[in-house]
Amino acid sequence: YLTKPLETAKMVEVLGRVLGREAAVHEHAPQPQAASSTRVLDLETARKRMLGDMDIVRQVLRTALDDTPRRLITLREVVLAGDVESTARVAHGIKGAMANIAAGEALLAATALDDAARGHDQADLLPRLERLEDAWTRLESALYEVVGHD
């Protein structure tokens, strides 16, 4: 069983078991670690999740920079419309993206919003969205420090 965020070494191990083969993980492959839950960006954890390949890390971070602002706009629209199902769906997607890049603060904020939406807690949606937007502002700056301003 694999949980998100996917960790390459663990995935190779599980696939080896499923296929009845010895897992062929490079002996020097970095082992993933849990992201610090309060860090804006745990770049070391993100790098380890992607087998130490900083080119892949930068590509994934660029994707987050491209996709997340649009998702946050959509999220604000559905929160203001009172659409808890759509709020949960969009917040859950952001939560997964933040987990993948080891963005602890934004992950916690997205999780809180997802939980409030799934619990139909309308009163908490807007404050939790604002917390996520604030976390994104800090994260966005950190991401640009890593990938540059293209």
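This text follows the structure it describes.
Residues numbered from 1 in each chain as written. Predicted model: local features only at pLDDT ≥ 70, side-chain atom pairs only at ≥ 80, totals over all residues. Heavy atoms only, no water.

Asker: Would you take a moment to explain the environment of V147 for this structure?
Answerer: Within the element layout of this structure, V147 appears in helix α6 (residues 122-147). According to the relative accessible area criterion, V147 is buried, its value standing at 8%. Separated by 89 residues in the primary sequence, V147 and R58 have C-alpha atoms spaced 5.8 Å apart. (Helix = DSSP H or I, 4+ residues; strand = E, 2+ residues; numbered from the N terminus. Buried < 20%, exposed > 50% of the residue type's maximum accessible area, 1.4 Å probe, protein only.)

Asker: What is the right way to read α6 from this model?
Answerer: Along an α-helix, residues three or four apart share an orientation, since each turn contains 3.6 residues. With 26 residues, α6 should cover 38 Å at 1.5 Å per step; its first-to-last C-alpha distance of 36 Å lies within 8% of that length. Considering only its buried residues, α6 is in contact with α3 (54-80), α4 (84-100) and α5 (104-118). (Expected span 1.5 Å × (residues − 1). Contact = heavy atoms within 4.5 Å.)

Asker: Even after reading the chapter, I still don't get the pattern of salt bridges, so can you show me in this structure?
Answerer: Any two side chains of opposite charge can pair, so long as their charged atoms come close to each other. Using the criterion set out here, one finds 10 salt bridges in the structure. In this structure, the salt-bridge partner of K48 is E44, at a minimum N-O distance of 3.8 Å. Of the two residues, K48 and E44 both sit in helix α2 (residues 43-49), four residues apart, roughly one turn of that helix. Residue classification places E44 among the partly exposed positions, given a relative accessible area of 36%. We note a salt bridge from D67 to R70, for which the minimum N-O separation is 3.0 Å. Here D67 and its partner R70 are both found in helix α3, three residues apart, which amounts to about one turn of the helix. Put simply, E44, R47 and K48 are held in one network by salt bridges that share partners. (Salt bridge = Lys/Arg side-chain N within 4 Å of Asp/Glu carboxyl O.)

Asker: Looking at this structure, how should I read the packing of α3 against α4?
Answerer: Between α3 and α4, the least distance of the axes is 9 Å, while the angle of their chain directions is 155 degrees. As the angle between them shows, α3 and α4 are arranged roughly antiparallel. Handedness of the α3/α4 crossing: left-handed. Residues T68, R71, L72, T74, L75, V78 and V79 of α3 pack against S86, T87, V90, A91, G93, I94, A97 and M98 of α4. Residues that form the contact of α3 with α4 fall into these classes: nine nonpolar, five polar and one charged. (Axes fitted to C-alpha atoms, helices over the stretch in contact; angles between N-to-C directions. Parallel < 35°, antiparallel > 145°, perpendicular 65-115°, else oblique. Left-handed = near helix turned anticlockwise from the far one by under 90°. Nonpolar A, V, L, I, M, F, W, Y, C, P; charged D, E, K, R; others polar.)

Asker: Sorry, what's going on with the nonpolar core here?
Answerer: A general trend in soluble globular proteins is that nonpolar side chains are found buried together. Among the nonpolar cores identified, the biggest contains 33 residues, and L75, I94, M98, I101, L132, L139 and L143 are the most heavily contacted of them. Among the secondary structure elements, those contributing two or more residues to this core are α3, α4, α5 and α6. The element contributing the most residues to this core is α6, with nine residues. Every residue in contact with L132, bar those within four places of it in the chain, is listed here: L72, L75, I94, A106, A109, A110 and L113. (Core = buried A, V, L, I, M, F, W, Y, C linked by side-chain atoms within 4.5 Å.)

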